[in-house]
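The lines below spell out each chain.
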Amino acid sequence: MAAKELFRMINFKDLGDERGKLVVIEGNHDIPFEIARVFYIYGSDSDIIRGKHANRNSEFVLVNVAGKSKVMITDGYDKKIVELSKPMEAVYIPKMIWKEMYDFSEDSVLLVLSNTHYDGKEYIRDFEEYRKIMTENKNE
Ligand code: TYD
């Protein structure tokens, strides 16, 4: 059976003109969900790894509005690395996908949009537990 979608790259429209750049992200229009939560990560040193979790209900869109970072994305079988470095380019990560954000440039501002309000209970933070759940799901 083919694994579920790991991620999808999204390119936002360029609404810039001679006055400068403008990028608009509307829920359900430019990204696949209605936005319930926005947060941003900055000031992480280049040797820091953030994330390291999968979410039972949350989907995410990540965009480096400044600077660069990398995202390792896996379902426990396939593994991909996405580089984010453009304010017009985002990665969409469905629920139940494991992600790790790292290699932050000093000026990195990683904007994250989600379809859910924060609920710590829907986070799976143990990779072995995640692997086990994914293996069980695959065999069903
Ligand atoms: P954490 O999930 O470890 O951040 P990351 O995935 O970016 O490495 O979150 C750090 C702390 O912030 C943790 O105590 C939970 C809290 N938090 C919220 O309260 N709301 C949120 O939307 C997020 C992402 C985190």
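S.K.: What am I meant to see in unusual backbone geometry here?
M.R.: Glycine aside, residues mostly have negative phi, and peptide bonds are mostly found in the trans state. Positioned with a positive phi, Asn 28 is a non-glycine residue whose angle comes to about 65°. Relative to the helices and strands, Asn 28 is located in the loop between strand E1 (8-11) and strand E2 (37-42). You will see that Lys 52, though not glycine, has its phi angle at about 60°, which is positive. Along the chain, Lys 52 falls in strand E3 (residues 50-55).

S.K.: Looking at this structure, I do not really get the nonpolar core. What am I missing?
M.R.: The tendency in soluble globular proteins is for nonpolar side chains to be buried side by side. Within the largest apolar cluster, 16 residues are counted, with the highest numbers of intra-cluster contacts made by Leu 62, Ile 73 and Leu 110. Once residues lying within four places of it in the same chain are set aside, the contact partners of Ile 73 are Leu 6, Phe 7, Asp 78, Lys 79, Lys 80, Val 82, Val 91, Ile 93, Ile 97 and Trp 98. Listed in part, the ten residues of the second largest apolar core include Ile 10, Phe 12, Leu 111 and Leu 113.

S.K.: Just to check I follow, could you spell out the sheet that holds strand E4 (residues 60-66) for this structure?
M.R.: Adjacent strands of a sheet form backbone hydrogen bonds with each other and so pair up, either parallel or antiparallel. Taken together, five strands build an open sheet; the order of strands is E1-E7-E4-E9-E2 and the sheet is antiparallel. Of all strands in the sheet, those bounded by a partner on one side alone are E1 and E2. Sheet twist, expressed as the mean angle between neighbouring strand axes with direction ignored, is 25°. As defined by bridge partners, E2 adjoins strand E9 (residues 109-114) across six bridges and the pair is classed as antiparallel. Bridge pairing in E9 places Ile 41 opposite Leu 110.

S.K.: Looking at this model, I keep getting lost on the sheet that holds strand E6 (residues 79-84). Mind explaining?
M.R.: Read across the sheet, five strands follow the order E6-E5-E8-E3-E10 without closing on themselves; strand pairing throughout is antiparallel. Of all strands in the sheet, those with a lone pairing partner are E6 and strand E10 (123-124), marking the two edges. Direction of pairing for E3 relative to E10: antiparallel, over a ladder of two bridges. By the bridge assignment, Asn 55 is partnered in E10 with Tyr 123.

S.K.: Looking at this structure, I do not really get the pairing of strand E8 (residues 98-102). What am I missing?
M.R.: Consecutive side chains of a regular strand alternate in pointing toward one face of the sheet and then the other. Extensive coverage of E8 is indicated by the burial of four of its five residues. Of the pairings in the sheet, the one linking strand E5 (residues 69-74) to E8 comprises five bridges and is antiparallel in character. Looking at E8, one finds that Lys 70 is bridged to Tyr 102.

S.K.: Is there a simple way to think about the site of the ligand in this case?
M.R.: In the vicinity of the ligand, the contacting residues are Arg 37, Phe 39, Ile 41, Arg 50, Gly 51, His 53, Tyr 118, Tyr 123 and Arg 125. At 2.9 Å, a backbone N or O of Gly 51 approaches an oxygen atom of the ligand. His 53 has a polar side-chain atom sitting 2.6 Å from an oxygen atom of the ligand. Bound to the protein, the ligand loses 59% of the 520 Å² it would expose on its own. When residues of the shell around the ligand are traced back to their parent elements, those giving at least two are E2 and E3. Looking at the shell around the ligand residue by residue, the class counts come to four nonpolar, two polar and three charged.

Conventions we followed
Residues numbered from 1 in each chain as written. Predicted model: local features only at pLDDT ≥ 70, side-chain atom pairs only at ≥ 80, totals over all residues. Heavy atoms only, no water. Helix = DSSP H or I, 4+ residues; strand = E, 2+ residues; numbered from the N terminus. Core = buried A, V, L, I, M, F, W, Y, C linked by side-chain atoms within 4.5 Å. Buried < 20%, exposed > 50% of the residue type's maximum accessible area, 1.4 Å probe, protein only. Contact = heavy atoms within 4.5 Å. Pairing = 2+ DSSP bridges. Axes fitted to C-alpha atoms, helices over the stretch in contact; angles between N-to-C directions. Near = heavy atom within 4 Å. Polar contact = N/O pair within 3.5 Å; in protein donor to acceptor, adjacent residues only side chain to side chain. Areas by Shrake-Rupley, 256 points an atom, 1.4 Å probe, with all protein chains shown as cover. Nonpolar A, V, L, I, M, F, W, Y, C, P; charged D, E, K, R; others polar.

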